[in-house]
Amino acid sequence: MYARIALGNVRRSIRDFGIYFLTLVLGVAVYYAFNSVTQQSAVLRLSGNMRTLVQELGTIIRGVSIFVAVLLAFLVLFGNRFLIRRRKREFAIYLTLGMDRRHVSGIVAMESLAVGAGALVVGLAVGVLLSQALLYATARLFNTHVTGFGLMFSGQACAYTVMSFAIIFLVVGALNVLEVSRFRLIDLMNADRKGEKSLVRNLPLSVALFVVSLALIGVAYHELRVNGMYAIDWRFNLATALVSVGTFLLFFSVSGFLLRLGQSARGFYLRGLNMFALRQLSSRVNSAWVSISIVCAALFLAITSTCGGFAIVSSINQSVSAITHYDVSVAMYSTAQTSHASNAGDVSGSGKEALLKASVPDWDSLVADSARIDLYQDPSMRLNLKTLRGDTGVELPDSFAKYTNGLDKVPIYVVSLSQYNATLALRGDKPATLKANEALVTTDMNNMVSFWQRVALKRGSFDFLGTAMRLRARSTTMEYQNSVNTSVGTIVVPDAALESKRAQLEPLSSLLNVKTAGSRAEARLYKEVVKAHQPGLLFAAGSKSTAKEEVVGLTAIVGYLALYIGFVLFVSCAAILAIQQLSDVAESAPRYRVLFDLGAERSMVNHAILAQIATYFLFPLVVALAHSYAALGVLGGVIKSLGVLDFLRPLGVTMAIVLVLYGGYFLLTYGMARGVIGEKARRRE
């Protein structure tokens with residue numbers, strides 16, 4: 001009998017459970033789809049390295065899924081509590097008819113399990129379809145294809161999803177039973193008669209707290225901009241604490257004077273049903289300012305992680321094409337064993353190259369062309385970032401601004417013009433020309449290009465170990481193959497100038513960049529160089545293929561995590577606001593009935609509902625967007641140091657997600673609220 005009552009309640013209250021059920025379905029589907037990534041490597045034709053990358057991605061996603069599961073657990077608990085509180089009078093009727101608390105709690109538990117089981121089944125079905133779309137996205141990302149067509153089902157991901165949500169539903173069901181068992185009959189009967197109490201009645205105090213909240217947020221923005229995101233230190237923690245406290249104070253203070261602020265604009269307040277809508281909104285903000293603050297923080301994390309993650313992916317993808325000019329690159333270093341090897345410490349760059357070639361079988365057949373760069377440094381550190389900048393007054397990019405006191409510790413390396421031009425020719429670039437008294441400073445860090453250009457323009461000349469040389473700037477670099485740009489600055493000088501100062505310089509390393517005879521030759525040469533060994537020398541190799549594989553793995557991890565976390569956060573925030581508003585509309589049904597009795601038209605009531613729900617959804621979103629704008633502005637400096645900064649496309653993707661998910665929940669909430677109030681209008685008619 002109790003099971004029939006529980007199932008009947010679910011069927012009759014399908015509108016109440018609608019958004020809650022939809023949110024659970026989306027949560028289950030996304031949870032399953034992303035946890036099925038590990039099994040995708042078995043379907044796709046991936047190389048050994050790529051298969052390993054997919055496995056690592058799956059491991060990271062499973063770890064993040066623990067955080068997602070906790071987040072979804074709070075969402076399920078929140079939705080259940082709102083649904084239970086809305087049904088207090090129904091529970092009072094059960095108790096009045098003689099049903100004991102144990103049976104009422106059992107009905108609630110069965111309802112929760114029925115909705116959860118249904119959402120789990122539907123969610124897994126949707127998740128299988130979503131995982132198929134994710135499979136094709138993975139195939140495109142890893143430059144492979146899916147053979148044939150067939151729905152991929154991951155038993156491991158299914159079991160993981162079922163286990164996680166079963167634990168969530170059991171814990172939430174137990175907490176619901178505990179809450180229902182604590183209800184008193186008198187409180188249940190009078191639930192609809194209890195009004196909201198204002199938390200802050202003193203208007204001057206509310207305004208003062210509002211001003212303080214804006215000041216705290218402003219200071220947090222300033223600290224974040226000054227400190228940047230290059231280190232998690234006390235200033236970063238201070239900015240985080242200030243913006244958190246400021247956000248809570250903002251919503252807390254607004255709840256105290258929102259109604260008074262609307263009343264001060266008499267023309268607006270007395271127009272249509274604005275008076276009613278504003279009082280409804282003020283009452284809800286007054287009682288739910290804590291949850292609105294948390295939603296705002298979660299929206300900030302969702303926007304920042306999604307937009308920032310996609311921006312990082314875009315930056316790395318663009319930068320990798322700019323640094324994969326050579327098929328294979330080899331850095332050749334002298335090691336600590338050098339002193340024990342027969343004069344190995346005196347081995348020149350050409351000698352190191354000869355030893356490397358002797359260690360690789362069939363070098364001549366594998367290599368089509370090569371160019372070597374010998375890097376030198378000043379052991380006395382007279383050539384450093386601080387001295388090269390001089391007294392020009394040119395400001396450093398944000399990524400170096402906080403390390404101004406340590407610029408004399410950042411070395412500037414020296415290479416010869418002939419080797420530089422040979423490397424440019426290898427990559428198909430035009431050679432550089434220098435006069436006897438000229439030097440060229442190069443960098444591959446995008447945020448340092450304009451810095452060196454301004455320095456060269458203002459500096460004129462600099463002291464090159466006792467010789468005055470005119471400084472020029474260029475953004476092109478020729479150094480070691482890597483997936484991240486790292487050359488702060490390297491000086492290119494004429495060969496004669498380098499020879500005249502060789503006694504004051506010491507060799508740092510030699511870099512050999514190679515064009516191979518084909519892709520197979522590239523793979524074999526890289527494999528042989530990795531195995532190469534010579535006493536007193538260390539060979540560190542990198543290839544175009546391995547660099548691209550590393551970038552693919554990194555972008556897959558960052559992109560998938562940004563999408564995964566962002567999706568769950570957006571859905572959770574929108575669902576919380578939707579459930580709150582639908583609960584408020586249902587609880588305020590007698591008030592809407594009075595409006596209809598007084599002659600209010602349905603269009604006026606619908607407009608009031610739209611204004612109330614739209615303001616409720618937009619309020620935390622606008623504040624979150626302001627926080628995200630400040631954070632992404634600082635994050636842009638970090639991204640720009642990695643490669644090309646492109647926020648336009650990631651921002652477009654993020655806004656599309658906001659419109660589809662957040663906007664979709666808003667429209668669904670408004671439509672369901674209109675349906676609830678429409679029933680009241682039809683009953684009146």
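The structure presented is a predicted model; accordingly, all values stated were derived computationally and were not measured. (Residues numbered from 1 in each chain as written. Predicted model: local features only at pLDDT ≥ 70, side-chain atom pairs only at ≥ 80, totals over all residues. Heavy atoms only, no water.)

*Asks:* Can you walk me through the overall build of the protein in this structure?
*Replies:* Helix and strand counts for the protein stand at 24 helices and nine strands. Here the protein, with 685 residues, has 52% of them falling under the buried criterion. Nonlocal contacts in the protein, meaning residues at least 24 apart in sequence, comprise 85% of its contacts between residues at least 6 apart. About 31300 Å² of surface is accessible on the protein, with carbon and sulfur atoms providing 62% of the total. (Helix = DSSP H or I, 4+ residues; strand = E, 2+ residues; numbered from the N terminus. Buried < 20%, exposed > 50% of the residue type's maximum accessible area, 1.4 Å probe, protein only. Contact = heavy atoms within 4.5 Å. Areas by Shrake-Rupley, 256 points an atom, 1.4 Å probe, with all protein chains shown as cover.)

*Asks:* Honestly, helix α20 (residues 519-531) in this entry has me stumped. Any pointers?
*Replies:* Residues lying three or four places apart along an α-helix face the same way, a consequence of the helix completing one turn every 3.6 residues. If you check α20, its first and last C-alpha atoms are 19 Å apart, about what 13 residues at 1.5 Å a residue would give, namely 18 Å. Along α20, the residues classified as buried are Ala 521, Glu 522, Leu 525, Glu 528 and Val 529. Take α20 and look down its axis: the buried residues cluster within an arc of 140°, on one side only. Exposed side of α20, more than 90 degrees from the buried face: Ser 519, Arg 520, Lys 527, Val 530 and Lys 531 are the residues found there. (Expected span 1.5 Å × (residues − 1). Arc of directions from axis to C-beta.)

*Asks:* Where do I start with the environment of Gly 18 in this structure?
*Replies:* Structurally, Gly 18 is set in helix α2 (residues 14-35). In this structure the C-alpha to C-alpha distance between Gly 18 and Met 672, which are 654 residues apart in sequence, comes to 9.0 Å.

*Asks:* Before we go on, may I ask you to explain the environment of Ala 358 in this structure?
*Replies:* Within the element layout of this structure, Ala 358 appears in helix α13 (residues 349-359). Counting along the chain gives 175 residues from Ala 358 to His 533, while the straight-line C-alpha distance between them is 9.9 Å.

*Asks:* Mind showing me how you'd approach the packing of aromatic side chains here?
*Replies:* Each aromatic ring pair is described using two quantities: the centre-to-centre distance and the angle formed by the ring planes. Under the defined criterion, the tally for this structure stands at 13 aromatic pairs. Measuring from centroid to centroid gives 6.5 Å for Phe 462 and Phe 464, while their planes differ by 70°, and the two rings are edge-to-face. Like Phe 464, Phe 462 is buried. Taken together, the ring pairs in this structure connect Tyr 31, Tyr 160, Phe 165 and Phe 169 into an aromatic cluster. (Phe/Tyr/Trp six-rings, centres within 6.5 Å; stacked < 30°, edge-to-face > 60°.)

*Asks:* I tried to follow helix α17 (residues 417-426) on my own but got confused; where do I start?
*Replies:* Taken across its ten residues, α17 has seven buried, putting it largely inside the fold. Within α17, burial applies to Leu 417, Gln 419, Tyr 420, Asn 421, Thr 423, Leu 424 and Leu 426. Gly 428 sits one or two positions beyond α17 and adopts a positive phi of about 85°.

*Asks:* What's the story with the pattern of salt bridges in this structure? I'm lost.
*Replies:* Two side chains of opposite charge can pair, provided their charged atoms sit close to one another. Scanning the model with the defined rule gives eleven salt bridges in all. Across the pair Asp 327 and Lys 544 runs a salt bridge whose closest N-O atoms are separated by 3.6 Å. Separated by 217 residues along the polypeptide, Asp 327 in the loop between α12 (274-323) and β1 (328-334) and Lys 544 in helix α21 (residues 544-587) bring together distant segments of the chain. By relative accessible area, which is 11% here, Asp 327 ends up buried. The residue Glu 438 makes a salt bridge to Arg 472 at a minimum N-O spacing of 3.3 Å. On the criterion of sequence distance, the pair formed by Glu 438 in strand β4 (residues 438-442) and Arg 472 in strand β6 (residues 467-474) is long-range, its members being 34 residues apart. (Salt bridge = Lys/Arg side-chain N within 4 Å of Asp/Glu carboxyl O.)

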